[in-house]
Amino acid sequence: SNNSVTVTDPGSAWQITGGGVLRFGWETSGVNRLVISNGGMVANGDCPIGYVSGANSNSVLVTGAGSIWSNSGALGVGAGTNHLNTLTVVDGGRLYSGGAASFIGKGGSNNSVLVSGGNATWNAGGQMLIVGGAGGTNNLLCIDGQGVEGGAIVTNVSGLVVGTNGGANFNNLIVTNGGKLFSTAGAYVG
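Scope of this entry: the structure provided in the associated data block. Once a new chain begins, its residue numbering starts again from 1 and follows that chain's sequence as written. Local features in this predicted model are restricted to residues whose pLDDT is 70 or higher, and side-chain atom pairs enter the listing and the counts only when it is 80 or higher, whereas totals over whole chains, interfaces and linings include all residues. The side-chain values count all of the structure's non-hydrogen atoms but skip hydrogen atoms and water molecules.

**Points about the pairing of strand 11 (residues 101-104)**
Then, number 1: With burial as the criterion, each face of strand 11 is covered, one bearing A101 and F103 and the other bearing S102 and I104.
Then, number 2: Strand direction decides the pairing type here: strand 8 (residues 75-77) and strand 11, joined by two bridges, are parallel. Residue V77 lies in a different strand from strand 11, and its bridge partner there is I104.
Then, number 3: Two strands are said to pair when DSSP picks up at least two bridges between them. Helix and strand assignments come from DSSP, with helices taken as H or I runs of at least 4 residues and strands as E runs of at least 2, each series counted from the N terminus. With four bridges connecting them, strand 11 and strand 13 (residues 121-131) associate as parallel partners. Across the sheet, residue F103 finds its bridge partner in strand 13, namely I130. Relative accessibility thresholds used throughout: buried, under 20% of the residue-type maximum; exposed, over 50%; partly exposed, between the two (1.4 Å probe, protein chains only).

**Quick notes on the side chain of S102**
Then, number 1: For S102, the position within the fold is in strand 11.
Then, number 2: Here S102 falls in the buried class, since its relative accessible area comes to 1%.
Then, number 3: In terms of polar contacts, S102 uses its side chain to reach the side chain of S97, at 3.5 Å.
Then, number 4: Contacts of S102, omitting those with residues within four sequence positions, involve L75, S97, W122, M128, L129 and I130. Whenever a nitrogen or oxygen atom comes within 3.5 Å of another N or O atom, the pair is scored as a polar contact, on the condition that within protein one atom can donate a hydrogen and the other can accept it, and that pairs from neighbouring residues in sequence are kept only if both atoms are in side chains. We call two residues contacting when some pair of their heavy atoms lies within 4.5 Å.

**Observations concerning the layout of surface pockets**
Empty space left among the atoms is revealed by rolling a probe the size of a water molecule over them.
Then, number 1: Taken as a whole, the largest pocket holds about 220 Å³ of empty space.
Then, number 2: Around the largest pocket sit 14 residues that line it, and P48, Y51, A74, G76 and A79 are the ones nearest its centre.
Then, number 3: Those elements that place two or more of their residues in the lining of the largest pocket are strand 5 (47-49), strand 8 and strand 11.
Then, number 4: Gly is put with the polar residues, along with every residue not named as nonpolar or charged; the nonpolar set is Ala, Val, Leu, Ile, Met, Phe, Trp, Tyr, Cys and Pro, and the charged set is Asp, Glu, Lys and Arg. Residues that form the lining of the largest pocket fall into these classes: 10 nonpolar, one polar and three charged. Definitions used for this entry: grid spacing 1 Å over protein atoms alone; cavity, a set of points where a 1.4 Å probe fits but cannot get out; pocket, an open set with protein on both sides within 12 Å along at least 5 of 7 lines; lining residue, one with an atom within 4 Å of a point. Grid points are joined across faces, edges and corners, and a volume is the space filled by probe spheres set on the points.

**Some remarks on the side chain of D144**
Then, number 1: Turning to its location among the elements, D144 is positioned in strand 14 (residues 140-144).
Then, number 2: In this structure, D144 is buried with no salt-bridge partner, the nearest side chain bearing the opposite charge being K180 at 11 Å.
Then, number 3: There is a polar contact of 2.8 Å between the side chain of D144 and the backbone nitrogen of Q146.
Then, number 4: Every residue in contact with D144, bar those within four places of it in the chain, is listed here: L114, V115, S116, G117, A152, T176 and N177. Counted charges follow a simple rule, with Lys and Arg positive, Asp and Glu negative, and His plus the chain ends left uncounted. Whenever a carboxyl oxygen of Asp or Glu lies within 4 Å of a side-chain nitrogen of Lys or Arg, that contact is scored as a salt bridge.

What is shown is where atoms sit, not what they do.
Set out below in structure tokens:
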């Protein structure tokens, strides 16, 4: 636990080529951290943030204009039955994801994604976004524009699900202070 990776400043990049998976908080007890800041860039295939049992309290922060995290595959925040994993995109940071679907709390609890501040963006790649999979409780997606022009945006979501399958309770989607969510297909709550 307590491992960290920082990619910072313009021109700094970590690329996992060939669609390679970035396993973050894969087999440890948690509290691992990835920071992409001040114009840094990370690119990879799939990424589970917290996967095996006990991989809790892992975090990723994408912050600052020009900072990019690009997942060509699926993104999972609390991808297994684990808890308290977080992803934060703020102050002009940009997140891209693809794959079949992205999860916040696939089966665990208290996992969260915050997209906040001016020009903070999550482009979901035209894929489904699920907040609270089977058994997932108290998971959160918050899009907070902070009242600024060009505030936080989550876009290109093909379908949105808040709480799916048995035992998915108390999951939340909050869009506030001028934040925006754009989806191109149906939405399902409960």
